[in-house]
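So the chains spell out like this:
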Amino acid sequence: MPIDRALRALAVTGSVACLLAAAPAGAQQPAPGGAPAAVPAAQPPPAPGSALYGRPDAPGAMRLAPIAPPPIPTPADKLPVAKLKAPAGFKVEVFAAGVANARSIRIGDKGTVFVGARLIDKVHAIREKDGKREVKVIASGLHRPNGLALHKGALYIAELSKVSRIDAVEDNLDNPPKPTLVNDQFPKDEPHGWKFIAIGPDDKLYVPVGANANINDPDPNHYAHIRRMNLDGSGMEILVRGVRNTVGFDWHPTTKELYFTDNGRDWLSEDVPEDELNRVTAAGKKHFGYPYCHQGNFRDPEFGWGHSCADYEPPVALLGAHTAALGMRFYTGAMFPAEYRNAIFIARRGSWNRTEKLGGDIVVAKLNPDGSVKSIEPFLTGFLENNNYVARPVDVEVMKDGSLLVSDDFNGAVYRVSYGG
Amino acid sequence: MAAERGRPGASPRPACLSKPFLKIVATGALLCGAALPSHSGSLQERLAPCLACHGESGRSETPEVPSLGGQPPSFLLIQLYVFRERQRIAEPMNELTKDLTDDDLRSFSDELAKLPAPVAAGPADPARMAMGAALSARHRCGFCHSPDFSGQNQIPRIAVQREDYLVKALREYSTQERRGYDPSMVEIARQLSEADILDLAYYLANWR
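Residues numbered from 1 in each chain as written. Chains lettered and ligands numbered in written order. Predicted model: local features only at pLDDT ≥ 70, side-chain atom pairs only at ≥ 80, totals over all residues. Heavy atoms only, no water.

### Observations concerning the sheet that holds strand β10 (residues 198-199) of chain A
Strand order across the open sheet formed by four strands is β10-β11-β12-β13 (chain A), with antiparallel pairing between neighbours. Only two strands of the sheet have a single neighbouring strand rather than two, namely β10 and β13 (237-241) of chain A. (Pairing = 2+ DSSP bridges. Helix = DSSP H or I, 4+ residues; strand = E, 2+ residues; numbered from the N terminus.)

### Looking at the sheet that holds strand β19 (residues 317-321) of chain A
Residues and elements named next belong to chain A. Spatially, four strands are ordered β14-β15-β16-β19 in an open sheet, and the strand pairing comes out antiparallel. What marks the edges here is a single partner per strand, and that holds for β14 (249-251) and β19. Direction aside, neighbouring strands of the sheet carry axes that sit 15° apart on average. Two strands pair when backbone bridges link them, and β14 and strand β15 (residues 258-262) are joined in this way by three bridges, in the antiparallel orientation. Considered in β15, the bridge of Asp 250 is made with Tyr 259. (Axes fitted to C-alpha atoms, helices over the stretch in contact; angles between N-to-C directions.)

### Considering the side chain of Glu 313 of chain A
Residue and element names in this part refer to chain A. Summarising the element assignment, Glu 313 is placed in the loop between β18 (298-299) and β19. This buried residue, Glu 313, is left without a salt bridge; Lys 285 holds the nearest opposite charge, at 4.4 Å. One polar contact links the side chain of Glu 313 to the main-chain amide nitrogen of Lys 285, over a distance of 2.9 Å. (Buried < 20%, exposed > 50% of the residue type's maximum accessible area, 1.4 Å probe, protein only. Lys, Arg positive; Asp, Glu negative; His and termini not counted. Salt bridge = Lys/Arg side-chain N within 4 Å of Asp/Glu carboxyl O. Polar contact = N/O pair within 3.5 Å; in protein donor to acceptor, adjacent residues only side chain to side chain.)

### Observations concerning the domain arrangement of chain B
All names here are of chain B. For chain B, the domain assignment lists domain 1 (14-32 + 42-112) and domain 2 (121-205). With 19 residues of domain 1 in contact, the opposing surface of domain 2 contributes 16 residues. Counting each side, the surface lost to burial between domain 1 and domain 2 is near 1500 Å², with a carbon and sulfur contribution of 53%. Taken together, domain 1 and domain 2 are joined by zero salt bridges. Our enumeration of links across domain 1 and domain 2 arrives at nine residue pairs in polar contact (both at pLDDT 80 or more). Here the residues of the side of domain 1 that touches domain 2 are counted per class, giving seven nonpolar, eight polar and four charged. (Domains from an automatic or database assignment. Contact = heavy atoms within 4.5 Å. Buried area = accessible area lost by both parts, 1.4 Å probe. Nonpolar A, V, L, I, M, F, W, Y, C, P; charged D, E, K, R; others polar.)

### Points about the packing of aromatic side chains
Overall, the coordinates contain 22 aromatic pairs over all chains when judged by the stated rule. For the ring pair Phe 90 of chain A and Phe 336 of chain A, a centre distance of 4.9 Å and an interplane angle of 85° mean the geometry is edge-to-face. Of this pair, Phe 90 of chain A sits in strand β1 (residues 90-97) while Phe 336 of chain A sits in the loop between β20 (325-330) and β21 (344-348), and the two are 246 residues apart along the sequence. Among the residues examined, Phe 90 of chain A registers a relative accessible area of 13% and is labelled buried. Classification of Phe 336 of chain A as buried rests on a relative accessible area of 2%. On the numbers, 5.5 Å between centres and 75° between planes, the contact of Trp 267 of chain A with Phe 143 of chain B is edge-to-face. Pair noted here: Trp 267 of chain A is in the loop between β15 and β16 (274-280) and Phe 143 of chain B is in helix α7 (residues 141-145), and the two residues belong to different chains. We note that Trp 267 of chain A, like Phe 143 of chain B, is buried. (Phe/Tyr/Trp six-rings, centres within 6.5 Å; stacked < 30°, edge-to-face > 60°.)

### Considering the packing of helix α3 (residues 73-84) of chain B against helix α5 (residues 102-112) of chain B
Residue and element names in this part refer to chain B. Between α3 and α5, the least distance of the axes is 8 Å, while the angle of their chain directions is 140°. Of the possible angle classes, the one that applies to α3 and α5 is oblique. Once α3 is placed against α5, the crossing between them reads as right-handed. Listed contacts from α5 to Pro 73, Leu 76, Leu 77, Leu 80, Tyr 81 and Arg 84 of α3 are Asp 102, Leu 105, Arg 106, Phe 108, Ser 109, Asp 110 and Leu 112. Among the residues making up the contact of α3 with α5, the classes are represented as eight nonpolar, one polar and four charged. (Parallel < 35°, antiparallel > 145°, perpendicular 65-115°, else oblique. Left-handed = near helix turned anticlockwise from the far one by under 90°.)

### As for the state of the cysteines
Here a disulfide denotes one covalent bond, and it connects the sulfur atoms of two cysteines. As enumerated under the stated definition, the model contains one disulfide over all chains in all. Between Cys 293 of chain A and Cys 309 of chain A runs a disulfide, and the two sulfur atoms are separated by 2.1 Å. Around the S-S axis, the bridge from Cys 293 of chain A to Cys 309 of chain A shows a dihedral of about 105° and counts as right-handed. Taken as a pair, Cys 293 of chain A in strand β17 (residues 293-294) and Cys 309 of chain A in the loop between β18 and β19 lie far apart in primary sequence, 16 residues in all. Using a relative accessible area of 4% as the deciding quantity, one classes Cys 293 of chain A as buried. Note on Cys 53 of chain B: no disulfide assigned, nearest cysteine sulfur contributed by Cys 50 of chain B at a separation of 8.7 Å. On the basis of relative accessible area, Cys 53 of chain B is assigned to the buried category, the value being 13%. (Disulfide = S-S within 2.5 Å.)

### Quick word on the pairing of β19 of chain A
Residues and elements named next belong to chain A. Burial within β19 is extensive, with five of its five residues counted as buried. Where β16 and β19 come together, three bridges link them in antiparallel fashion. Each bridged residue has a counterpart across the sheet, and for Leu 277 the counterpart in β19 is Ala 317.

### Looking at the environment of Gly 420 of chain A
Residue and element names in this part refer to chain A. Counting through the fold element by element, Gly 420 comes out in the segment after β28 (413-419). The partly exposed category is assigned to Gly 420, whose relative accessible area is 43%. As for Gly 420 and Val 272, which are separated by 148 residues in sequence, their C-alpha atoms are 39 Å apart.

Structural data, given as structure tokens:
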């Protein structure tokens, strides 16, 4: 099982040495700018800064394209929920079907579950009405409305280049008003333009802006960072830089430190770089390496020259190459056994830029008292079957009763994981 | 602003007044209204008006109307969906799909996927073909579209597509006017110059 190998490499200390020893990626890759054997010498390699820079011409890489989920959700009776495996004592069930392209999940004070989307223009709400669970569209005509956040009854929606808000959303589910603009001072680039958002313990809205290509060195004041702003959209500032594309973050329930996932670049190799789990500390550096240093110890073959990884804040854990580590939440519920208290559930949507797919699971990161990572273990698996995805997890959210919701953008569904009872 | 074109509320011209449609009317192929697919009848009957524009043999003879032959069914399904939901704004397709059900989209795309792929005919300028091949290698078009450009899953066949349509599509991606369902094509097209687009379109349209 590939996850075993990956997870062994994840044990934080020593992961770096073991990984680099096992896969001397630098040595195996064609030199930057050097034409790999299959390209006739007359054909230039991709221009520096090209999205495809470093993309090899090996036949094995010739069919590695991103796989887009279908726009129409899988019917409830065809969902692969029986294939999803959690540890003993846990139960997995379908919470809702028919939630097309389900991405970020947020839960309102009155129990409504809101779900964003990346490939379609709609935000869905799942609610109990007259004893029945109902899925309905509450906003449409939006441009990649991936990110959601809730604050005092208001639903914040992040589209590709703007954040807007629906006040008292749970009181208006039958006839929700159009969202009103909060801030639209964001780049309009499609690549990595979709956003995850969240409201921090400081009551500010955190909004990332990804690098606008697979690999480039963009203007750091416009791209590749996490910003925050006041809830009315004022006072926008850049908090941390060197972030390629984070699609999930949350704050430690007691230390209030921000932890975030970050997706590593593609086409460098099958095994390097790995996706990261990062932690923002008061004492730590405020630059996380992109595009100069990946995974804390590997300098980019094009942009890394002359830079030292020591100048950038290293990840607290590596999450596997190309695994697409996306949504993450600290577990604050009371339902799961004590070992899960304040641990982080992380959805790894699964790789595309890799021959043997990796990820396609929920892992749990258990922390030491000092906030460093003790272990990373599989929690919910079975999304990947014979190198094909039967489902793809994107985000997790803890329900009031302590159960865990998991979104699946491939089937357009939300699953619920509960313990005991 | 291009990025705002996808908003509902933008009032589309009726299908029969659209530019491609006027061209068709001019060629006498169709009458206004005849292009609207009927909501009853057999699948073949319902698809007949579509094929009047797109070509019954899978090859379009209509300027700026794409050939549909040999397209992967998931690509067709996604494009019909984004037309219906107005995520891809293109007359007359938004109008023609607006009342289709999910089942219609599925059966239309499965049926259209059976059309044979167009084959290149006539001579092609070897110098221009070489330019296109180099550009395609440089931008790795074949990694996603398959080495023979026949497409896979949600990624379209681009081999022997109409040259004018390829130019139009690549220009629209490069300006983000067409965002794509998945944004990966925008990332590629943003690196293409106008000259690159013309060379690539020539090469792909004449691919053999």
